[in-house]
Amino acid sequence: MATAARKESAAVPRELGSTLASLRGALPEWWPVFLGLAILLGPTFYDLFTGAWIGEEQGHGPIIFFLALWLIWRKWPEVMAALGPTPTGNWSGWPVLAIGLMFHLLGRSQKILMFEVASIVVVMAAVVLLKFGSRALRVLWFPFFFMLFLIPLPSELVAAVTMPMKMAVSWVTEHILFALGYPISRSGVVLQMGQYQLLVADACAGLQTLLTLEALGLFYLNLMRHPSAFRNITLAILIIPISFTANVIRVIALTLITYYFGDAAGQGFLHGFAGMVLFVTALLLILAVDNGLQWWLKRREGGSGGPGAGGGRVRATLKEAT
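Quantities reported herein were computed from a predicted structural model and do not represent experimental measurements.

Pairing of strand E1 (residues 184-187) with strand E2 (residues 190-193) involves four bridges; the strand directions are antiparallel. Residue serine 187 lies in a different strand from E2, and its bridge partner there is valine 190. Hairpin remark: E1 followed by E2, antiparallel, with two residues in the connecting loop; positive phi at glycine 188, about 70°.

Taken together, the three strands give an open sheet; going across it, the order is E1-E2-E3, and neighbouring strands pair in antiparallel fashion. Here the strands that pair on one side only, and so sit at the sheet edges, are E1 and strand E3 (196-199). Mean inter-strand twist for the sheet, computed between neighbouring axes without regard to direction, equals 25°.

Let us look at the nonpolar core. Within the largest apolar cluster, 42 residues are counted, with the highest numbers of intra-cluster contacts made by Phe65, Ile120, Met124, Phe144, Phe146, Met147 and Leu150. Sorting the residues of this core by element identifies helix H1 (2-50), helix H2 (61-83), helix H4 (113-132), helix H5 (134-139), helix H6 (141-147), helix H9 (207-224), helix H10 (229-261) and helix H12 (269-303) as the ones contributing at least two each. Look past the residues within four positions of methionine 124 in its chain and what remains in contact with it is Phe65, Leu69, Ile72, Phe144 and Met147. Counting 12 residues, the second-largest nonpolar core is a separate cluster that includes Val169, Tyr182, Val251 and Ile252.

As a further point, take the packing of helix H7 (residues 155-179) against H10. With their axes 9 Å apart at the nearest point, H7 and H10 run at an angle of 60° to one another. In this view, H7 runs oblique relative to H10, as classed from their interaxial angle. Two packed elements cross with a definite hand, and for H7 against H10 that hand is right-handed. Touching Met165, Ala168, Val169, Val172, Thr173, Ile176 and Leu177 of H7 are Phe244, Asn247, Val248, Val251, Ile252, Thr255 and Leu256, all from H10. For the contact of H7 with H10, the residue count by class is 11 nonpolar, three polar and no charged.

A few words on helix H3 (residues 93-110). Taking 1.5 Å of rise per residue, the 18 residues of H3 would be expected to cover 26 Å, and the 25 Å separating its terminal C-alpha atoms lies within 8% of that figure. Considered for burial, the residues of H3 that qualify are Gly93, Leu97, Gly100, His104 and Gly107. For H3, the angular spread of the buried residues around the axis is 95°, confining them to a single face. Seen from the buried face of H3, the exposed residues on the opposite side, beyond 90 degrees, are Trp94, Leu105 and Gln110. The positive-phi residue at the C-terminal boundary of H3 is lysine 111, with phi of around 60°.

Moving on, we come to the packing of aromatic side chains. The way to describe two aromatic rings as a pair is by their centre distance and the angle between their planes. Applying the stated criterion across every chain yields a total of 21 aromatic pairs. A ring pair is formed by phenylalanine 45 and tryptophan 53, whose centres lie 6.2 Å apart and whose planes are at 65°; its orientation type is edge-to-face. A centroid spacing of 6.4 Å and a plane angle of 40° characterise the contact between tryptophan 53 and phenylalanine 65, whose relative ring orientation is tilted. Highlighted residues: tryptophan 53 in the loop between H1 and H2 and phenylalanine 65 in helix H2, separated in sequence by 12 residues. In this structure tryptophan 53 comes out as buried when scored by relative accessible area, which is 6%. Phenylalanine 65 sits in the buried class, given a relative accessible area of 8%. Each residue in the set Trp70, Trp141, Phe142, Phe145, Phe146, Phe149 and Phe219 is aromatic and connected to the rest through ring pairs, giving one cluster.

This part is about H7. Compared with an ideal rise of 1.5 Å per residue, which puts 25 residues at 36 Å, H7 spans 35 Å between its outermost C-alpha atoms and is within 8% of the ideal. The sharpest bend along H7 measures roughly 25° and falls at threonine 162, with the proline proline 164 sitting one to four residues further on. Looking only at H7, the buried set comprises Val158, Thr162, Met165, Lys166, Val169, Ser170, Val172, Thr173, Glu174 and Leu177. Of the residues trailing H7, glycine 181 is marked for its positive phi of about 95°.

Looking now at the pattern of salt bridges. Using the criterion set out here, one finds five salt bridges in the structure. Arginine 108 serves as the salt-bridge partner of aspartate 47, at 2.6 Å between the closest nitrogen and oxygen. On the criterion of sequence distance, the pair formed by aspartate 47 in helix H1 and arginine 108 in helix H3 is long-range, its members being 61 residues apart. A residue is classified by how much of its surface remains accessible, and arginine 108, at 30% relative accessible area, is partly exposed. Overlapping salt bridges, with partners in common, bring together Asp47, Arg108 and Glu116 in one network.

We now examine the environment of leucine 287. With respect to the helices and strands, the residue leucine 287 is situated in helix H12. A relative accessible area of 31% means that leucine 287 is categorised as partly exposed. Along the backbone, leucine 287 and leucine 235 are 52 residues apart, and their C-alpha atoms lie at a distance of 9.8 Å.

Attention shifts here to the side chain of asparagine 222. By the element assignment, asparagine 222 lies in helix H9. Sequence-distant contacts of asparagine 222, defined by excluding residues within four places in its chain, comprise Leu71, Arg74 and Phe142.

Conventions and cut-offs
- Residues numbered from 1 in each chain as written.
- Predicted model: local features only at pLDDT ≥ 70, side-chain atom pairs only at ≥ 80, totals over all residues.
- Heavy atoms only, no water.
- Pairing = 2+ DSSP bridges.
- Helix = DSSP H or I, 4+ residues; strand = E, 2+ residues; numbered from the N terminus.
- Axes fitted to C-alpha atoms, helices over the stretch in contact; angles between N-to-C directions.
- Core = buried A, V, L, I, M, F, W, Y, C linked by side-chain atoms within 4.5 Å.
- Buried < 20%, exposed > 50% of the residue type's maximum accessible area, 1.4 Å probe, protein only.
- Contact = heavy atoms within 4.5 Å.
- Parallel < 35°, antiparallel > 145°, perpendicular 65-115°, else oblique.
- Left-handed = near helix turned anticlockwise from the far one by under 90°.
- Nonpolar A, V, L, I, M, F, W, Y, C, P; charged D, E, K, R; others polar.
- Expected span 1.5 Å × (residues − 1).
- Arc of directions from axis to C-beta.
- Phe/Tyr/Trp six-rings, centres within 6.5 Å; stacked < 30°, edge-to-face > 60°.
- Bend = angle between axes of the 7 residues up to and from the residue.
- Salt bridge = Lys/Arg side-chain N within 4 Å of Asp/Glu carboxyl O.

Here is the structure:
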């Protein structure tokens, strides 16, 4: 056992060394591509990291982007195995690159963040097509699909969907706290608890929060790779009520913090901490629902005697009869 463990631990540095060696070997071919991407997208990333991505509404951007890069890195051996020793590019990458450059030009010149962020995804997909072909893009379909959650939606759509969500979260929060005996009332999305008034903001129960939690759930499904399609689809659908429940828990936590510790605590550090509570709660609910689905599927399979059990009993009966 100890010898096997030492061999396994020694294999990790060797694999890392071979990966770094292959990266150094590819650097002469790739440095013009990296330089072009840095010149093109560098100002965009600077604006995002100093602007939109430090706010609450788009604060999930860096997390999704780096998780997508990690997914590409993780699947890269599978890409190389699918392409073989001599990968070839695909000419279809040129029109995709033209579309990405058009998005970038419109986004930068007209200050349209949606187009500017979309250009990142399209240009990266074009580079994969040009260098490795469509087969590589098919292998990497999920990381690029995952990056679509980076793209901010039009403000009109966000406002139209967010208001009913905030009303629902406010209504549920009011009724839960009232049932627990707290002096709370509600007017629209404004909660009155004791001497404090709390406005349920977009970041607490908005569409962007729902999309972020949906992205988190899809990332979890991609890592787990459940063989059951029913389990995957059901969990993906249930992420929506899970997100709603997590938002209600966050608003309840902020309301109680403000009620017991004052408005400064509710709007200060603890407000940001409640955001962490939101994602931790959502992740725990996703794990709980996933385990519940696994238990239900196992119980259903056990109750039916497993696949082919009925056919086995019929064949045994016929054998006894003959």
